[in-house]
Amino acid sequence: MANLKDLKIRIKSVKSTQKITSAMKMVAAAKLRRAQEAAEAARPYALRMERMIASLGAKVGSAGGPKLIAGSGKDDVHMIVVATADRGLCGGFNSTIVRAARRRITELESAGKTVKIMTVGRKARDQLRRTHGTKIVKSLENIARTVVGFEQADNIARELIHGFESGEFDVCTIFFNRFKSAMTQIVTSQQLIPAKLPDAEEETGGELKALYEYEPDEEGILAALLPRNVATQIYTALLENAASEHGARMTAMDSATRNAGDMIDRLTLVYNRTRQAVITKELIEIISGAEAL
Amino acid sequence: MAETTKFELVSPERLVLSRDVEMVVVPGTEGYFGVLPRHAPMISTLSAGVIDIYEGGAVVDRIFVAGGFAEVTETRCTVLAEEAMPLGDVDVAATEKSIADDRDVLKDTTDAVARGKLEDRIRNREAMLAAKRRLAA
């Protein structure tokens, strides 16, 4: 059995770990609230943009539209954007995204496609570097340091659209976690380019779409709207991701705190038993020593 | 009170403004247009300019937007702005400095994406200044 001093040190170290995890939980909870508010605030824009695109897309159709809808006519080169957090200690948050992305990459490659990767967040790069290092064309970090700004999403979108237009890839998909609750996040893959049109009938109730007048014209508006839409989708994804990250961390740290509590209880029990055993042993020694005289 | 239109100004980050107005004048790419209640439904792109909000026959609010989109129906007018700022809050000195800084950076930038971004920003800031000066004059 371990001696008393070791046990005491052990208990102390678990206690300080518990202090850290419970502090991290508090911080994550506060950040989660902020991230959720940001996601909430960004929703009206995304919703209205979707509505506009739906009504426009219904008129233009997918055949003759701009390249961002119609695609480049091929699907040989795939760009995979993997969005994770910069930091770990948030349960399976990062790994699940990376695993989903990896599965997709394997799938695409066995179908004979070329894959390029753009990582957003340090963990995505760290985890993919070993197996897919040569395919990573760009890595971004420090996106969700405080609160995600639209400008960062816009930068990524510009980068992607530029790459698409210069023929570097044909299809672009983003992997991120959709926030459901602090306990559950859903790994989601969303195709950014060519844009998937929402079903117009569903969006507008099927009645409004023919009534609009367009200035300058449908194509002109779509040409301006689509790049914007890519940025908006990335922005939404990043916000969802940020909220998910903090939610996952909160849950992970909560169970870590609880585990540490259990461990402290167990160790304290062992410590007390050992202490009693030591006292008993000493007493026996004294008594038997006295009797021997 | 006269008939009103529901006016919403939305930036990517948040809903900036949502209220009932008598008329708004919006900077469309093909010219400013006013939106009154029961306007014909339309969708238009916007260029950088100023949105004027009218109430009681007078301008009550002027907001600068750096481009975006407007969706008008009979009962509402929704503006998706890339950037929105009340014209009163525009700081001329700071904006001038930001333009000058961006120009400096632009000189040494070769990357096409970064250049495009800087050029867009300079153009927006200049439009902002122009709008501010027009108001002052």
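Residues numbered from 1 in each chain as written. Chains lettered and ligands numbered in written order. Predicted model: local features only at pLDDT ≥ 70, side-chain atom pairs only at ≥ 80, totals over all residues. Heavy atoms only, no water.

A. View of the overall build of chain B. When its secondary structure is counted, chain B shows two helices and eight strands. Taken from N to C terminus, the helices and strands of chain B fall in the order β-β-β-β-β-β-β-β-α-α. Principal-axis analysis of the C-alpha atoms places the extent of chain B at approximately 55 × 30 × 25 Å. Going through the 137 residues of chain B one by one, you find that 47% of them count as buried. (Helix = DSSP H or I, 4+ residues; strand = E, 2+ residues; numbered from the N terminus. Buried < 20%, exposed > 50% of the residue type's maximum accessible area, 1.4 Å probe, protein only.)

B. Fine view of the nonpolar core. In terms of nonpolar packing, the biggest core is built from 56 residues, with Leu-160, Ile-193, Ile-234 and Leu-238 of chain A touching the most fellow members. Top element by residues in this core is helix H7 (residues 218-292) of chain A. It accounts for 13 residues. For Leu-238 of chain A, the residues in contact, after removing those within four places along its chain, are Ala-83, Val-120, Ile-143, Val-148, Ala-153 and Ile-156 of chain A. Judged by nonpolar contacts, the second largest core, of 19 residues, contains Leu-9, Phe-33, Ile-63 and Ala-70 of chain B. (Core = buried A, V, L, I, M, F, W, Y, C linked by side-chain atoms within 4.5 Å. Contact = heavy atoms within 4.5 Å.)

C. Quick peek at a nonpolar patch on the surface. Residues Ile-279, Leu-283, Ile-286 and Ile-287 of chain A make up a contiguous nonpolar surface patch of roughly 380 Å² in combined accessible area. By the element assignment, Ile-287 of chain A lies in helix H7. (Patch = residues over 30% accessible without salt bridge, like charges linked within 9 Å, V, L, I, M, F, W, Y side chains within 5 Å. Areas by Shrake-Rupley, 256 points an atom, 1.4 Å probe, with all protein chains shown as cover. Salt bridge = Lys/Arg side-chain N within 4 Å of Asp/Glu carboxyl O.)

D. Expanded view of the interface of chain B and chain A. On the chain A side, the residues contacting the 32 residues of chain B number 29 residues. The contact between chain B and chain A buries some 2700 Å² in all, and 61% of this surface belongs to carbon and sulfur atoms. Linking chain B with chain A are seven salt bridges, by the criterion used here. Between Glu-151 of chain A and Arg-121 of chain B there is a salt bridge; the shortest N-O distance is 3.4 Å. Inspection of the chain B/chain A interface yields 11 residue pairs in polar contact (both at pLDDT 80 or more). Elements supplying a minimum of two residues to the side of chain B that touches chain A: strand S1 (5-10), strand S5 (42-55), strand S6 (58-72), strand S7 (76-81) and helix H2 (112-136) of chain B. Ranked by the residues each element gives to the side of chain B that touches chain A, the list is headed by H2 of chain B, at six residues. When strand S6 (residues 213-215) of chain A meets S5 of chain B, the two strands line up parallel, connected through three bridges. Counterpart to Glu-213 of chain A in the pairing with S5 of chain B is Met-42 of chain B. (Buried area = accessible area lost by both parts, 1.4 Å probe. Polar contact = N/O pair within 3.5 Å; in protein donor to acceptor, adjacent residues only side chain to side chain. Pairing = 2+ DSSP bridges.)

E. Highlighting the confidence of the model for chain A. Residues at a pLDDT of 70 or more form 92% of chain A, whose mean pLDDT is 87. The low-confidence segment residues 203-208 of chain A (pLDDT under 50) makes seven contacts with residues lying over four places distant or belonging to another chain. (pLDDT = per-residue confidence, 0-100.)

F. Molecular detail of H7 of chain A. With 75 residues, H7 of chain A extends 108 Å from end C-alpha to end C-alpha; this agrees with the ideal 111 Å at 1.5 Å per step. A bend of about 25° at Leu-225 of chain A is the largest found in H7 of chain A, and the proline Pro-227 of chain A appears one to four places after it. (Expected span 1.5 Å × (residues − 1). Bend = angle between axes of the 7 residues up to and from the residue.)

G. Expanded view of the pairing of strand S4 (residues 31-35) of chain B. Residue and element names in this part refer to chain B. Of the pairings in the sheet, the one linking strand S3 (residues 23-28) to S4 comprises five bridges and is antiparallel in character. Within S4, the residue paired with Val-24 across the bridge is Val-35. Connecting S3 to the antiparallel partner S4 that follows it, the hairpin turn spans two residues.

H. Here's a closer look at helix H1 (residues 92-107) of chain B. All names here are of chain B. The first and last C-alpha atoms of H1 sit 23 Å apart over 16 residues, in line with the 22 Å expected at 1.5 Å per residue. Taken together, the buried positions of H1 are Thr-95, Ile-99, Asp-102 and Leu-106. Seen along its axis, H1 keeps its buried residues to an arc of 65°; they face one direction. In this structure, H1 carries Ala-93, Lys-97 and Lys-107 as exposed residues pointing more than 90 degrees from its buried face. Where the residues of H1 are buried, they touch H2. (Arc of directions from axis to C-beta.)

I. A look at the packing of aromatic side chains. All names here are of chain A. Counted according to the given criterion, the structure contains four aromatic pairs over all chains. Summarising the aromatic geometry, the rings of Phe-164 and Phe-169 are spaced 6.1 Å apart at their centres and angled 50° between planes, so their arrangement reads as tilted. Taking the centre distance of 6.4 Å and the plane angle of 45° together, the rings of Tyr-212 and Tyr-214 count as tilted. By the burial criterion, Tyr-212 is buried, and Tyr-214 matches it. (Phe/Tyr/Trp six-rings, centres within 6.5 Å; stacked < 30°, edge-to-face > 60°.)

J. Local environment of the pattern of salt bridges. Scanning the entire structure with this criterion turns up 32 salt bridges over all chains. Two residues, Glu-151 of chain A and Lys-117 of chain B, come together in a salt bridge whose shortest N-O distance is 3.9 Å. Of this pair, Glu-151 of chain A sits in helix H5 (residues 150-165) while Lys-117 of chain B is found in helix H2, placing the two residues in two different chains. According to the relative accessible area criterion, Glu-151 of chain A is partly exposed, its value standing at 43%. The class for Lys-117 of chain B is buried, based on a relative accessible area of 18%. Salt-bridge contacts for Asp-52 of chain B lead to Arg-62 of chain B; the nearest nitrogen and oxygen are separated by 3.3 Å. Of this pair, Asp-52 of chain B sits in strand S5 while Arg-62 of chain B sits in strand S6, and the two are 10 residues apart along the sequence. Ionic contacts of the salt-bridge type, sharing partners, join the residues Glu-151, Asp-154 and Arg-158 of chain A together with Asp-102, Lys-117, Asp-120, Arg-121 and Arg-123 of chain B into one network.

K. Representation of the packing of H5 of chain A against H2 of chain B in the model. Here H5 of chain A crosses H2 of chain B at 130°, and the two axes come no closer than 9 Å. If you check the angle between H5 of chain A and H2 of chain B, you find them oblique. Crossing handedness for the pair H5 of chain A and H2 of chain B: right-handed. Touching Glu-151, Asp-154, Asn-155, Arg-158, Glu-159 and His-162 of chain A of H5 of chain A are Ala-112, Val-113, Gly-116, Lys-117, Asp-120 and Arg-121 of chain B, all from H2 of chain B. Residues that form the contact of H5 of chain A with H2 of chain B fall into these classes: two nonpolar, three polar and seven charged. (Axes fitted to C-alpha atoms, helices over the stretch in contact; angles between N-to-C directions. Parallel < 35°, antiparallel > 145°, perpendicular 65-115°, else oblique. Left-handed = near helix turned anticlockwise from the far one by under 90°. Nonpolar A, V, L, I, M, F, W, Y, C, P; charged D, E, K, R; others polar.)

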